[in-house]
Protein chains: 2
Amino acid sequence: MEGKAITIYDIAKEAGVSTATVSRVIAGNYPVSEKTKKKVNSIIKEYNFHPNAVARSLSSKRSRVLGFITPEITNPFFSQVFIEVEKHALEKGYSVLLGNSLNNRKLESKYIRMLLDQQAEGIILLGGLINDIYPDTNQVNDLKEIEKKTKLVTINGKIDGVGSLSVCTDEGKGIEMVVDHLVELGHSKIGIIGGMERITTTQVKIKAFKQALKNHQLEFKDSWQIYSGYDIESGDSGLKTLVDTNTDFPTALIGINDMVAIGLVKGNRKLNRDLAFVGYDNTDLAIASSPELTSVSHPYSDLGKTAIDLMDKDLDNKNHKDIILDPILIQRESTLLKNLKTE
Amino acid sequence: MEGKAITIYDIAKEAGVSTATVSRVIAGNYPVSEKTKKKVNSIIKEYNFHPNAVARSLSSKRSRVLGFITPEITNPFFSQVFIEVEKHALEKGYSVLLGNSLNNRKLESKYIRMLLDQQAEGIILLGGLINDIYPDTNQVNDLKEIEKKTKLVTINGKIDGVGSLSVCTDEGKGIEMVVDHLVELGHSKIGIIGGMERITTTQVKIKAFKQALKNHQLEFKDSWQIYSGYDIESGDSGLKTLVDTNTDFPTALIGINDMVAIGLVKGNRKLNRDLAFVGYDNTDLAIASSPELTSVSHPYSDLGKTAIDLMDKDLDNKNHKDIILDPILIQRESTLLKNLKTE
DNA sequence: CTGTTAGCGCCTTCAA
DNA sequence: TTGAAGGCGCTAACAG
């Protein structure tokens with residue numbers, strides 16, 4: 001491997017100019033005469049020279065590296081956001097280091113440490129700590145500390161006291177759209193399954209759910225709201241709980257996310273009740289399901305673009321930016337197969 | 001942001017030793033007396049000092065950064081492999097830069113370029129170019145060039161002429177296990193749907209499929225093998241083609257991967273034929289499906305571990321390593337609900 | 001066991 | 001518009 005790499009110095013010598021000049025034509029930020037520029041460029045091409053990004057980072061104090069930390073990149077919601085972030089990062093010349101924290105706070109901290117050591121110019125947090133209603137004080141303090149050293153952008157989450165830049169989808173509005181849609185179809189008995197009590201996004205959704213019901217003069221029934229988690233199994237178990245604790249039954253069920261909704265659909269294969277289902281996040285799973293799931297989509301591309309914009313712009317740190325984007329309701333078979341009103 | 005970072009120099013001064021000594025206690029690779037070690041460490045803690053990884057890379061010529069390039073991290077198979085790779089990378093102190101090439105060869109090259117510039121110590125390739133039966137000559141030459149500069153490890157794919165280290169699952173064997181399983185259950189009419197003709201993994205599977213049928217004295221019917229792609233829609237469309245072009249119909253269908261199998265299951269909801277289904281990769285989708293899919297699992301953790309081991313070990317470049325791991329058949333409802341033999 | 005001293009490859013003032 | 005020269009923060013011989 002590794003033949004001795006060719007450096008800016010070699011190019012300079014060959015072109016009969018100084019390394020400073022070579023550096024300038026590469027960066028293109030200082031005036032260089034057309035003539036020398038051409039000369040240098042031709043030599044660069046001839047040697048197939050590519051500047052060493054590490055040396056560059058050290059010298060310029062700009063690593064052009066961003067970090068992205070998320071609990072589970074296998075979760076389609078997270079990976080969907082990631083690819084959009086990365087896409088826009090690439091456009092601005094950033095590389096992205098991905099850290100998969102497995103929902104483990106220790107690992108999360110370890111990755112943050114690594115990113116700081118790597119002089120990451122910014123760290124993007126999605127899921128994990130930033131959605132914890134009771135975040136560990138030490139970790140929060142760490143984040144505050146980190147903010148002094150690098151930019152912090154959170155997606156769909158935020159931590160009190162940490163003045164990070166954030167972008168999120170209005171998940172309350174998303175749930176409202178779902179309820180409106182279901183009511184429109186004639187449903188008045190709606191349940192919401194999944195999530196965990198101490199997770200902010202779950203709370204946002206449930207709060208919005210209650211409000212939306214109220215808007216339609218519908219009653220919120222405690223026993224139709226069940227915390228059970230975020231995976232397929234959580235849908236199944238949530239449905240079981242619902243059955244076990246209710247005689248009166250909803251006609252429509254909202255899953256806290258697509259995976260839970262799939263679990264609900266699956267669980268109902270045995271029960272065979274006539275139910276409408278709604279998911280959340282509009283991941284590939286929504287289409288994998290049959291019936292295909294009505295789901296709320298995040299504006300993924302915008303989410304990614306905004307996160308990168310927040311990194312990129314030289315925002316005043318005191319000018320805390322919280323950007324909120326609108327969700328999109330995607331209607332599919334799982335609610336549309338039957339319209340209660342027309343029966 | 002950015003207060004003036006504290007450096008090894010500050011620590012040295014405060015501890016009354018040289019920077020070399022500080023460097024040594026941090027690296028822990030050279031002898032330092034217990035006493036000075038303690039002293040230095042206490043100062044490091046006191047100042048909460050963390051060495052600048054960039055400076056370290058430049059000086060030591062070891063970036064401790066790996067690159068991972070894959071077409072679509074949202075594809076559960078790819079992301080599953082990724083998290084295992086990353087997990088083992090972390091254990092060895094590597095960070096991983098992820099590049100999502102979107103199956104675009106240009107982007108693939110761009111990411112490779114970025115990784116080279118970042119002095120990545122190794123690049124892991126999964127999917128994309130390395131599974132192309134007719135790879136572009138220029139790109140292959142590029143890869144050869146790259147191999148001179150960094151380590152190249154390919155997962156589940158390989159390029160002729162590029163002596164890269166590789167690790168893969170024996171996908172032929174996987175298909176053989178599937179066929180054996182189906183035959184065991186009494187199936188003799190088996191189809192295989194999905195994939196693309198010019199992709200190596202598809203070819204491996206189909207070749208193995210033919211051989212497995214032969215082993216059981218079963219006939220391979222051309223019209224029961226349909227290229228259609230890799231996503232859910234491909235399953236659906238593949239099934240349509242199957243219906244359109246056959247009067248005699250299989251009793252069992254193998255999807256080239258889980259997504260295709262899901263598409264098959266979904267498509268069959270309308271046809272309502274009595275079929276057994278098998279997927280491949282054993283992703284979360286296999287469980288999301290109902291009936292849950294019998295599927296072939298890769299030894300994901302081993303795959304990741306091996307890839308990192310190949311990076312890490314100082315292997316002789318001429319000693320080309322191709323490591324082949326065994327797949328695992330996971331039996332689930334989609335084949336087990338009915339045993340033709342017992343009817 | 002520890003300090004001195006060159007760099008690693010590039011950027012960036014400061015002069016010219 | 002260009003060159004000289006001193007870092008960036010750390011590592012790694014080479015002495016001692």
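Calculation criteria
- Residues numbered from 1 in each chain as written.
- Chains lettered and ligands numbered in written order.
- Predicted model: local features only at pLDDT ≥ 70, side-chain atom pairs only at ≥ 80, totals over all residues.
- Heavy atoms only, no water.
- Salt bridge = Lys/Arg side-chain N within 4 Å of Asp/Glu carboxyl O.
- Helix = DSSP H or I, 4+ residues; strand = E, 2+ residues; numbered from the N terminus.
- Buried < 20%, exposed > 50% of the residue type's maximum accessible area, 1.4 Å probe, protein only.
- UniProt positions renumbered as here; feature names shortened; annotations may be inferred.
- Least-squares fit on C-alpha atoms with pLDDT ≥ 70 in both.
- Contact = heavy atoms within 4.5 Å.
- Near = heavy atom within 4 Å.
- Polar contact = N/O pair within 3.5 Å; in protein donor to acceptor, adjacent residues only side chain to side chain.
- Pairing = 2+ DSSP bridges.
- Axes fitted to C-alpha atoms, helices over the stretch in contact; angles between N-to-C directions.
- Arc of directions from axis to C-beta.

In the annotation of an unreviewed UniProt entry, chain A is listed under the name Transcriptional regulator DegA and assigned to Alkalibacterium iburiense.

Student: Got a minute to help me understand the pattern of salt bridges in this structure?
Tutor: A side chain of one charge can pair with a side chain of the opposite charge if their charged atoms are brought near each other. Tallied over the entire structure, the rule returns 38 salt bridges over all chains. Ionic pairing is found between Asp326 of chain B and Lys173 of chain B, a salt bridge with its closest N-O pair at 3.0 Å. Of this pair, Asp326 of chain B sits in the loop between β11 (322-325) and β12 (328-330) while Lys173 of chain B is found in helix α8 (residues 171-184), placing the two residues 153 residues apart along the sequence. Overall, the relative accessible area of 44% leaves Asp326 of chain B in the partly exposed class. Among the charged side chains, a network of salt bridges with common partners joins Lys92, Lys305, Asp309 and Asp312 of chain A.

Student: Help me understand the UniProt feature "domain: HTH lacI-type" (unreviewed entry) in chain A, please; the structure alone is not making it clear to me.
Tutor: UniProt's entry tags residues 6-60 of chain A with the feature "domain: HTH lacI-type" (unreviewed entry), counted in the numbering of this structure. Taken end to end, residues 6-60 of chain A comprises 71% helix and 0% strand; its first and last C-alpha atoms sit 20 Å apart.

Student: Would you mind showing me how to read the relation of the copies chain A and chain B here?
Tutor: Superposition of the two copies of the chain requires a rotation about an axis and a shift along the axis. Rotating chain A by 180 degrees and translating it 0.1 Å along the rotation axis places it on chain B, where the RMSD comes to 0.1 Å. Taken together, the turn and the small shift mark the pair as related by a two-fold rotation axis. It is Leu97 of chain A whose C-alpha, among those of chain A, lies nearest the rotation axis, at 2.2 Å. Most of the interface of chain A is mirrored in chain B, where 98% of its interface residues again form contacts.

Student: Just to check I follow, could you spell out the protein's contact with DNA strand D for this structure?
Tutor: Neighbouring DNA strand D are 25 residues; Thr21 and Arg24 of chain A together with Ile8, Arg56 and Ser59 of chain B lie closest to it. Lys61 of chain A has a polar side-chain atom sitting 3.1 Å from a phosphate oxygen of DNA strand D. Take Ala55 of chain B: an N or O atom from its main chain is 3.4 Å from a base nitrogen of DNA strand D. Of all the secondary-structure elements, those providing two or more residues to the surface near DNA strand D are α2 (19-27) and α4 (53-60) of chain A together with α2 (19-27) and α4 (53-60) of chain B. Broken down by element, the surface near DNA strand D gets its largest block of residues, four residues, from α4 of chain B.

Student: Please explain the sheet that holds strand β6 (residues 190-193) of chain B as it appears in this structure.
Tutor: In sheet architecture, strand pairing relies on hydrogen bonds along the backbone and comes in two forms, parallel and antiparallel. Residue and element names in this part refer to chain B. Sheet architecture is open: six strands sit in the order β7-β6-β8-β9-β10-β12, paired in mixed fashion. The sheet is open, and its two edges are formed by β7 (225-226) and β12, each paired on a single side. Note that strand β10 (residues 294-297) and β12 share three bridges and pair antiparallel. Following the sheet pairing, Val296 is matched in β12 by Leu329. Running at roughly 160 degrees to strand β9 (residues 276-281), α8 makes contact with β6, β8 (252-255), β9, β10 and β12 of the sheet.

Student: Can you help me understand α2 of chain B in this one?
Tutor: Note on helix geometry: an α-helix contains 3.6 residues per turn, so any two residues three or four positions apart are oriented the same way. Residue and element names in this part refer to chain B. For α2, the full list of buried residues reads Thr21, Val22 and Val25. Taken down its axis, α2 places every buried residue within 100 degrees of arc, on the same side. Along its buried surface, α2 packs onto α1 (8-15) and α3 (34-47). Gly28 sits one or two residues past α2 and shows a positive phi near 65 degrees.

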